[in-house]
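Per-entry structural report
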Amino acid sequence: MVSLPEFLLRHRITVEAYEGDGAYGPVYGAPVPEVPALVAASVRMVRAPDGREVTSSAQIIAAPDLACPVGSRITLPDGRVTTALSVARHTAPGLPVPACSEVMCE
């Protein structure tokens, strides 16, 4: 599998992986800073895991092995903190195209 070349991922984000809910709300893993990504700030309608239609204000393209489950907290390059609404892994086994992860953010 060919991975997306890192020189195309011009932005750096921080990801705190969602680990579940605790007694006091969501629980996140340790922050992983300086994750290479490509961030597009545009408004789109997406479907959340529970079926609701929600507005995504940022889309992230990153390496296919990105550890970012739905609900993770992400700090964008401009300092804005957002939440992952949906995560899609794009692969094309046997084809000469790069694999990547696409994250739609709140």
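Residues numbered from 1 in each chain as written. Predicted model: local features only at pLDDT ≥ 70, side-chain atom pairs only at ≥ 80, totals over all residues. Heavy atoms only, no water.

Looking at the pattern of salt bridges
For clarity, the threshold we go by: One speaks of a salt bridge when a side-chain nitrogen belonging to Lys or Arg is within 4 Å of a carboxyl oxygen belonging to Asp or Glu. Where helices and strands are cited, they refer to DSSP runs of H or I of at least four residues and of E of at least two residues respectively, numbered from the N terminus. Note on exposure labels: buried denotes an accessible area under 20% of the residue type's maximum, exposed denotes more than 50%, and partly exposed covers the range between, all computed with a 1.4 Å probe on protein chains only.
For the coordinates displayed, the defined rule picks out 4 salt bridges. Residues Glu16 and Arg73 are paired through a salt bridge, measuring 3.0 Å at the closest nitrogen-oxygen approach. Of this pair, Glu16 sits in strand E1 (residues 11–16) while Arg73 is found in strand E8 (residues 73–75), placing the two residues 57 residues apart along the sequence. Here Glu16 falls in the buried class, since its relative accessible area comes to 15%. For Arg73, a relative accessible area of 30% gives the class partly exposed.

Quick look at the sheet that holds strand E7 (residues 58–62)
This is how it is decided: By definition, two strands form a pair when at least two bridges between them are found by DSSP. Helix axes use the C-alpha atoms of the stretch in contact, all axes being lines fitted to C-alpha atoms, and the angles between their N-to-C directions lie in the range 0 to 180 degrees.
Strand order around the closed barrel formed by 6 strands is E1-E4-E7-E10-E9-E8, with antiparallel pairing between neighbours. Looking at each pair of strands side by side, their axes are set apart by 45 degrees on average, direction ignored. Strand direction decides the pairing type here: strand E4 (residues 32–40) and E7, joined by 4 bridges, are antiparallel. Residue pairing in the sheet places Val39 in a bridge with Ile60 of E7.

Focus: the state of the cysteines
Note the following rule: Cysteine sulfur atoms are paired as a disulfide whenever they fall within 2.5 Å.
By the definition in use, this model includes 0 disulfides. For the unlinked cysteine Cys105, the closest cysteine sulfur is that of Cys68, found at 6.8 Å.

Section: the packing of aromatic side chains
Worth spelling out the cut-off: The criterion for an aromatic pair is that two Phe, Tyr or Trp rings (for Trp, the six-membered ring) have centres within 6.5 Å, with stacked assigned to planes under 30 degrees apart, edge-to-face to planes over 60 apart and tilted to the rest. The criterion is that NZ of a Lys, or CZ of an Arg, lies within 6 Å of the ring centre and within 35 degrees of the ring normal, and then a charge sits over that ring.
The full count for this structure, using the stated rule, is 1 aromatic pair. Both rings, one in Tyr18 and one in Tyr28, keep their centres 6.2 Å apart while their planes meet at 65 degrees; by these two values the pair is edge-to-face. Of this pair, Tyr18 sits in strand E2 (residues 18–22) while Tyr28 is found in strand E3 (residues 25–28), placing the two residues 10 residues apart along the sequence. Among the residues examined, Tyr18 registers a relative accessible area of 26% and is labelled partly exposed. The side chain of Arg73 reaches across the aromatic face of Tyr28, ending 4.0 Å from its centre.

Re the side chain of Ser56
The line we're drawing: Whenever a nitrogen or oxygen atom comes within 3.5 Å of another N or O atom, the pair is scored as a polar contact, on the condition that within protein one atom can donate a hydrogen and the other can accept it, and that pairs from neighbouring residues in sequence are kept only if both atoms are in side chains. By the convention used here, residues are in contact when the closest approach between their heavy atoms is within 4.5 Å.
Considering the arrangement of structural elements, one finds Ser56 in strand E6 (residues 53–56). What makes Ser56 buried here is its relative accessible area of 0%. One polar contact links the side chain of Ser56 to the main-chain carbonyl oxygen of Ala58, over a distance of 3.1 Å. Discounting residues that sit within four places of it in the chain, Ser56 has contacts with Ser42, Val43, Arg44, Val46, Leu85, Met104 and Cys105.

Thoughts on the pairing of E4
Two strands pair when backbone bridges link them, and E1 and E4 are joined in this way by 4 bridges, in the antiparallel orientation. Of the residues in E4, the one forming a bridge with His11 is Ala37.

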